[in-house]
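Coordinate analysis (summary)
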Amino acid sequence: MTRFSHLRRPKGRRAFRLPASAAALTVSLVMIVGLSSAGSASAAPVPKVGIICTNGVDGPSANEKVFDITTQTGYISLPDGNTAFMWGYSAGHDDFQHPGPVLCVNEGDTVTVILHNTLPAQTSISFPGQTDVLANGSPAEPEPSGGGAVTSLTNTASAADANGVGGGTVTYSFLADHPGTFLYESGTDGEMQVRMGLFGALIVRPTMGADYAYNTAEDQFDSSEEFMVLLSEIDPYLNAAVEAGKNFNMNRYHPRYWLINGRGYPDSIADNGASWLPTQPYGALADIQPYDATNHPLPGMARYLNVGTEDYPFHPHGNNGLVVGRDGQPLEGSGGEDLSFEKFAINIGPGQTWDVIFKWYDAEGYDPVGNPVNVTVPGLANQEIGVFYSGSPYLGTQEELPPGIQTVNQCGEYYIISHNHALFQITSWGANMTGPITYMKIEPPQPNGCVN
Amino acid sequence: MSDAMRVDRRQFLKYVGGAVAVAGTATWAGKMLLPQSVNAAPGDFDLFLAGTDGWMYLPPTPAIPPFHPDNLAPSPFTTYIFGFRNITGLTDQQRTNQKNHAQHSAPLMWANQYDDALENEFRVKLTNLGLELRPDLFDAHTLHWHGFRNVIPFYDGEPSGSVAVPSGREFTYVYRPRDPGTYMYHCHVEDVEHVHMGMTGLVFVRPLQETRLTPGDNIGGFSKFMYNDGDGSTGYHREFAMFLSEVWAESHWADAHIQLPEWSDYRADFSLLNGRVYPDTIAPNAPINAAQSVHALAVETDGDGYLMAPDGHPELQYQPQSSLVRCNEGETVALRFANLGFREQAMSLTGIRMRVVGRDATPMTGRDSTDTSYETDTINIGPGESYDVVFQAPAHSGGSGHDTYMLYNRNFTRSNNLAPGGFGGQATEVRVFPGGTISDQQYPNDWGV
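These lines cover the structure that appears in this document, whether it is placed above or below.

Some remarks on the overall build of chain A
If you tally the helices and strands in chain A, you get three helices and 29 strands. Taking the principal axes of the C-alpha coordinates as reference, chain A spans close to 75 × 50 × 45 Å. Going through the 452 residues of chain A one by one, you find that 55% of them count as buried. Relative to all contacts within chain A whose residues are 6 or more apart in sequence, the contacts with residues 24 or more apart total 67%.

Here it is as structure tokens:
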């Protein structure tokens, strides 16, 4: 039994916030920018889909990138209409967000992460997959309790008071010496703190360029089609107990919600930064163009991360992803042999990351004039119409739907689903067909009538 | 899409052998094939499946009151299911009769790899017979071929992105299977429920290397293969599908009793191999019409179209598929695993090494043709994954009868029937006989008797 009464905060005060003037001063420290642009933060529009990188600011040393990360508390919306109280990492001194910011650096960068703690508990950041991590300039190391048993995987920042003031700071740094997708997460009381939301993704871009998964020519992808698939879970009783400062028996931990990029379907396919999800900025819709040898020859890239506590078998329909790396290591033999493999079920274990390049190819080239689908298409009354369906089998074609049938299809684009195939997990405490579901949206050839 | 656009795409595809590589790019593009139209008539089909509800049998003791056995179940059955049936060749009246006569697992089906010389589409017609016990649900059904590459939504069976088949209606799914290997299929409507209720089965694709082989010829001593390996390294003499699924008794009971389960309470009370638990897994196949088993196991039916039960097992009438592996010593045996349960399984074969030659309908080779196949005695297989393995049957130990090797789920909670001691659940036997004892297979999972 873990007691959380010491974590309690005064009623009506969800999260400590800096005075506006202080926030204005710190905003320059963190830049939330578009996919690959390096422009300034403040006014950069957020791309509707794809990974939103948080790029650090240049530090005093060459190739040093500095990130300020603040722990915050807040609420997220869940598909059944419920909300959950969460802990989270925020960029700079921003308000709460979930999950934490996606930290993007380049191979060879020295990465400095300054953790500012406003939680009423000791906390930390561990960087699985990184070596020789320093904390406040000395080698980071596990912290023991008074009795000698380890209580934190890495050096902690001290707890703040009940108002979120006076918490400690730790400066972590490491050399990002190999490219790939990594987690960062609380190293302290992980079974509680990570489950409360203290996690995020770290992307290390290879020397060959930001549009390569690894330093291999074959692993190039189209930078406009890079996506994150960060999978997590929530037991609402744990979150409620932490919020209320009550006890929670961890042996009774039992997830009721499963999320993708911190959202459950259908929120998962809303744009990045959707106004109605103010604390859940990351969408999961994969908006892609079909493979085309001339106009669109490169595949897309999906970066999978599992921060939950059991395997998540994620299944993208209609394409076998090519797994080119796991846990920030390319799938290569010692002699450079290619050990990559295609999968239609990405079965990703707790704490793992998988790097997958993928594409969708119009293999049959069906079109209504020269190559129609070779079946008798039932009349409209004899079909049940899906909410994303265009009314037509053909990419780029829309046809009339029965009266009263609503579709969100804009220009005959295709929607092909991706979802966790442990199917009891695509539910939200009674709301079925929600949770870790997203879609691959396939654009008809350009120009098309879709509004992007 | 304009004609010009389609022609543009075609002219940049370069044809190489049975597959097509993409010219002018060093990056991974996967296999590319030339779009092509074929000559089948729009109404043709190779298989006709029906979706409906029904009942099946699981060991009634120990009971899980009040969920198992279900008090609504007609004797000798215990468990309410949704499922598919192979109704190819039945009359209209016989088809209609099959409402409330679903089977689990769904009919094992297979297709030949698309051959541009033959234009051999695989065409599966689906009808929805309705749910006899739950007319209030009026659920549509679909056919989702799990793992089919580059599918268009129209043929994917995911109902939000395309269309579904309401009760009493029909729809034909057309596939040009470009990639051999083992897949699975299921209904994708309300799929948390419809998958778990049993609308799940295995489908595999035979490679061109096999379908184009001149009768009497062989590659590496084999005439049947899992992949286009070029050297017979995925060849085999006998093949057995091992389809993995689960039953959470409460959710099946809930569907029969107009209740809703809370899916986050999910548990696998029973873990099934080809729709049965051990020792039922080693009971015979239902009588199979080998001549009609061209694209799926065709179970013999009576005059009303009802399934004939396996010999001596009336309780397995709606679980027609056996998992017993029977082979002669020295033969190479192919096992095709696919998992549509909701939990990861650990299928172990004692005393015989298995070689993994494919996963998720992909041969074990890197992009530079590095052989990544490997030997193991346990297949860890997650929900939605497939594994293709081969093993060589050991020499017979002598004497009469067969040698027995156990194939079971090493996660012991999945290889019991809720009763302590003894095997159950996801377990079966591999029986090795002296050379020449067992006849050639007439269809997959055939005992060769």
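A look at the sheet that holds strand S11 (residues 200-206) of chain B
Residues and elements named next belong to chain B. The strand order across the open sheet built from four strands is S5-S11-S10-S7, with neighbouring strands paired in mixed fashion. Only two strands of the sheet have a single neighbouring strand rather than two, namely strand S5 (109-112) and strand S7 (144-146). Each adjacent strand pair in this sheet contributes to an overall mean axis angle of 30 degrees, direction not counted.

Quick word on the nonpolar core
If you look at the biggest cluster of nonpolar residues, it comprises 227 residues, and the most contacted ones within it are Val-229 of chain A together with Val-333 of chain B. Among all residues touching Val-333 of chain B, those that are not within four sequence positions of it are Tyr-236, His-237, Arg-238, Phe-240, Val-325, Cys-327, Val-390, Phe-391 and Ala-393 of chain B.

Things to note about the interface of chain A and chain B
Facing 76 residues of chain A, the contacting portion of chain B comprises 72 residues. Of all the elements in the fold, those that place two or more residues in the side of chain A that touches chain B are strand S19 (312-316), strand S22 (341-343), strand S25 (384-385) and strand S26 (414-420) of chain A. Here the side of chain A that touches chain B takes four residues from S26 of chain A, the largest share from any one element. The class makeup of the residues in the side of chain A that touches chain B is 41 nonpolar, 23 polar and twelve charged. Sheet topology note: the S25 of chain A/strand S8 (residues 163-164) of chain B ladder contains two bridges and is antiparallel. Residue Ile-385 of chain A lies in a different strand from S8 of chain B, and its bridge partner there is Val-163 of chain B.

Quick look at the pairing of S26 of chain A
Residue and element names in this part refer to chain A. For S26, a buried count of seven out of seven residues is recorded, marking the element as mostly surrounded by other parts of the structure. Burial along S26 is two-sided: Tyr-414, Ile-416, Ser-418 and Asn-420 and Tyr-415, Ile-417 and His-419, pointing in opposite directions, are all buried. Relative to S26, S19 is paired through three bridges, and the arrangement is antiparallel. Of the residues in S26, the one forming a bridge with His-315 is His-419. As paired elements, S26 and strand S29 (residues 437-442) share six bridges and run antiparallel to each other.

Some details on the sheet that holds strand S24 (residues 403-409) of chain B
Residues and elements named next belong to chain B. On the basis of which strands lie adjacent, the open sheet formed by five strands has the order S16-S25-S24-S18-S22 and mixed pairing. Every other strand in the sheet has two partners, leaving strand S16 (325-328) and strand S22 (378-381) as the edge strands with one partner each. For this sheet, the mean inter-axis angle between neighbouring strands, taken without regard to orientation, is 15 degrees. Across three bridges, strand S18 (residues 345-349) lies against S24 in antiparallel orientation. Bridging across to S24, Ser-348 finds its partner in Tyr-408.

Topic: helix H5 (residues 249-256) of chain B
All names here are of chain B. Across the eight residues of H5, six count as buried, placing the element largely inside the fold. Inspection of H5 places Ala-249, Ser-251, His-252, Trp-253, Asp-255 and Ala-256 among the buried residues, and these make up the whole buried set. Its buried side turned inward, H5 meets strand S4 (79-86), helix H3 (191-196) and strand S14 (238-247). Phi turns positive, to about 60 degrees, at Ile-258, one or two residues after H5.

Some remarks on unusual backbone geometry
Cis rather than trans, the peptide bond between His-104 of chain B and Ser-105 of chain B has omega equal to -5 degrees. Locating Ser-105 of chain B in the fold gives a position in the loop between helix H2 (92-97) and S5. Here the amide bond leading from Tyr-278 of chain B into Pro-279 of chain B is cis, since omega sits at 5 degrees, within 30 degrees of zero. If you trace the backbone, Pro-279 of chain B turns up in the loop between strand S15 (270-273) and S16. Positive phi, normally seen in glycine, also occurs at Asn-63 of chain A, with a value near 55 degrees. Residue placement: Asn-63 of chain A occurs in the loop between strand S3 (57-58) and strand S4 (64-77). The partly exposed category is assigned to Asn-63 of chain A, around which 15 C-beta atoms lie within 10 Å. One non-glycine residue, Ile-258 of chain B, adopts positive backbone phi at about 60 degrees.

Conventions we followed
Note that residues are indexed from 1 along each chain, following the sequence as it is written. As a convention, the first chain written is A and the first ligand written is 1, with the rest following in written order. Residues qualify for local features only when their pLDDT is at least 70, as the model is predicted, and side-chain atom pairs are given and counted only at 80 or more; totals for whole chains, interfaces and linings, by contrast, use all residues. A helix here means a DSSP run of H or I that spans at least four residues, while a strand means a run of E at least two residues long, and both kinds are numbered starting from the N terminus. Here a residue counts as buried when 20 or more other C-beta atoms fall within 10 Å of its C-beta, as exposed when 12 or fewer do, and as partly exposed in between; the C-beta atoms come from the backbone. The contact criterion used here is simple: two residues whose C-beta atoms, placed from the backbone, lie within 7 Å are in contact. Only when DSSP finds a minimum of two bridges between them are two strands counted as paired. Where helices are involved, their axes are fitted lines through C-alpha atoms of the stretch in contact, as for all axes, and angles between N-to-C directions lie from 0 to 180°. In plain words, the nonpolar core is the set of buried Ala, Val, Leu, Ile, Met, Phe, Trp, Tyr and Cys residues that C-beta atoms within 7 Å link up. Think of it as three bins: nonpolar holds Ala, Val, Leu, Ile, Met, Phe, Trp, Tyr, Cys and Pro, charged holds Asp, Glu, Lys and Arg, and polar takes everything else, Gly as well.

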